[in-house]
Amino acid sequence: MKKIFVTGALGQIGSELVMKLRDIYGYDNVIASDIRKTDSDVVHSGPFEMVDVTDSKAIFDIAKKYEVDTIMHLAALLSATAEKKPLLAWNLNMGGLINALEVARELKCQFFTPSSIGAFGPTTPKNNTPQDTIQRPTTMYGVNKVAGELLCDYYYEKFGVDTRGVRFPGLISYVAPPGGGTTDYAVEIYYEAIKSGKYTSYIAPDTYMDMMYMPDALKAIITLMEADSSRLKHRNAFNITAMSFEPEELAAAIRKHIPDFTIDYDVDPVRQAIAESWPNFIDATAAKEEWGFEADYDLVRMTKDMLEKLSQKLLSKEIQ
Ligand code: VAH
């Protein structure tokens with residue numbers, strides 16, 4: 001990877017991935033793009049282009065202009081939003097993906113796009129979910145992710161495009177708030193713990209989902225993309241995880257730092273149904289064996305770091 005083009009660069013992953021990539025590969029070597037423009041480090045610290053990924057020419061023109069050798073395609077609607085707007089989700093998630101894959105094929109770029117634990121469904125084994133298993137998701141997001149995995153493998157087998165992906169768990173970060181996900185409760189709770197000392201969860205107790213702290217997600221993307229291609233038996237996409245917890249366990253971890261923190265529940269039936277269709281915890285052996293991935297953050301270490309960094313962020317906003 002020398003010249004990297006990131007779509008969806010202002011989203012939850014992109015906001016941190018672009019800055020990490022620029023630190024490693026050089027600020028002028030990471031071209032960030034999104035359908036909107038904000039007053040942010042991503043926009044001001046290196047090349048930024050406004051790109052609508054449903055416009056294939058727009059992707060091609062930017063990739064050609066900067067002569068990129070790698071495309072990291074992040075632009076997509078997440079699970080809860082996709083359930084509200086399934087047709088828009090199909091057009092954006094699948095139309096954007098095949099447009100980006102076509103550009104990677106034409107310009108011979110390496111290619112990354114994330115899948116998700118959302119690619120599994122209610123008939124998938126829920127505990128220790130295997131790397132290779134049944135995938136019959138019951139959400140539009142899951143349909144998009146399974147189709148996306150198959151499409152990326154097709155572009156590898158048929159056209160030799162070096163496509164790689166991971167099935168992300170719920171991602172937790174303090175930089176960019178998530179938007180429209182089912183696992184967003186695990187981010188919102190930290191903000192509310194600091195702001196009000198209490199949180200009303202839309203996900204019910206005892207609902208386990210795999211989760212990961214953003215630094216580990218960024219490590220996974222970069223490690224996979226730099227991995228020796230000959231070692232990869234799988235490509236799209238690898239199970240990866242760092243931890244699995246349910247709301248009460250997360251609240252208990254927060255109480256170690258904020259003793260009076262309380263959680264109560266107002267369950268959202270739509271997002272609860274999505275969460276219940278996903279695994280409790282997945283098996284990530286293939287990622288460890290084929291490209292050496294292991295997460296650094298567990299619930300205890302993540303909670304300490306999240307509360308510290310978020311407190312500083314919210315305090316600095318108050319001071320401004
Ligand atoms: C979502 N955060 O909730 C995303 C992710 C596994 C969850 O795909 O839709």
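Residues numbered from 1 in each chain as written. Predicted model: local features only at pLDDT ≥ 70, side-chain atom pairs only at ≥ 80, totals over all residues. Heavy atoms only, no water.

A.B. asks: Lay out empty space enclosed by the protein in plain terms, naming residues and giving numbers.
C.D. replies: Taken as a whole, this structure holds one cavity of 30 Å³ or more when the rule is applied. Looking at the largest cavity, its volume works out to about 170 Å³. Taken together, 18 residues make up the lining of the largest cavity; nearest its centre are Leu 97, Thr 113, Pro 114, Lys 145 and Gly 148. Considering every element that reaches the lining of the largest cavity, the biggest residue donor is helix H6 (residues 140–159), with five residues. Each residue belonging to the lining of the largest cavity can be placed in one class, and the counts come to eight nonpolar, eight polar and two charged. (1 Å grid on protein atoms, 1.4 Å probe; cavity = no way out; pocket = protein on both sides within 12 Å on 5 of 7 lines; lining within 4 Å. Points joined across faces, edges and corners; volume = space filled by probe spheres on them. Helix = DSSP H or I, 4+ residues; strand = E, 2+ residues; numbered from the N terminus. Nonpolar A, V, L, I, M, F, W, Y, C, P; charged D, E, K, R; others polar.)

A.B. asks: Describe helix H10 (residues 269–277), and please don't skip the residues or the numbers.
C.D. replies: Taken as a whole, H10 has its buried residues at Gln 272, Ile 274, Ala 275 and Ser 277. The inward-facing, buried residues of H10 contact helix H4 (79–84) and strand S12 (209–213). Capping of H10 at its N-terminal end is provided by Asp 268; its side-chain oxygen lies 3.0 Å from the backbone amide nitrogen of Val 270. (Buried < 20%, exposed > 50% of the residue type's maximum accessible area, 1.4 Å probe, protein only. Contact = heavy atoms within 4.5 Å. Polar contact = N/O pair within 3.5 Å; in protein donor to acceptor, adjacent residues only side chain to side chain.)

A.B. asks: Give a description of the pairing of strand S11 (residues 198–201) that names residues and reports values.
C.D. replies: Going residue by residue along S11, you find Tyr 199 and Ser 201 tucked away on one face and Lys 198 and Thr 200 left uncovered on the opposite face. Relative to strand S15 (residues 262–265), S11 runs parallel, the two being bridged by four bridges. Bridge pairing in S15 places Ser 201 opposite Tyr 265. (Pairing = 2+ DSSP bridges.)

A.B. asks: Summarise the domain arrangement of the protein; cite the residues concerned and give the values.
C.D. replies: Along its sequence, the protein is carved into domain 1 (4–169 + 212–239) and domain 2 (171–211 + 243–279 + 298–319). Computed from C-alpha coordinates alone, the two centres of domain 1 and domain 2 are separated by 25 Å. Every contact between the two is made by 26 residues of domain 1 and, on the other side, 26 residues of domain 2. Carbon and sulfur atoms make up 63% of the area that domain 1 and domain 2 hide from each other, which totals about 2,200 Å². At the boundary of domain 1 with domain 2, the tally comes to 11 residue pairs in polar contact (both at pLDDT 80 or more). The element best represented in the side of domain 1 that touches domain 2 is H4, accounting for four residues. Looking at the side of domain 1 that touches domain 2 residue by residue, the classes come out as 13 nonpolar, 10 polar and three charged. (Domains from an automatic or database assignment. Buried area = accessible area lost by both parts, 1.4 Å probe.)

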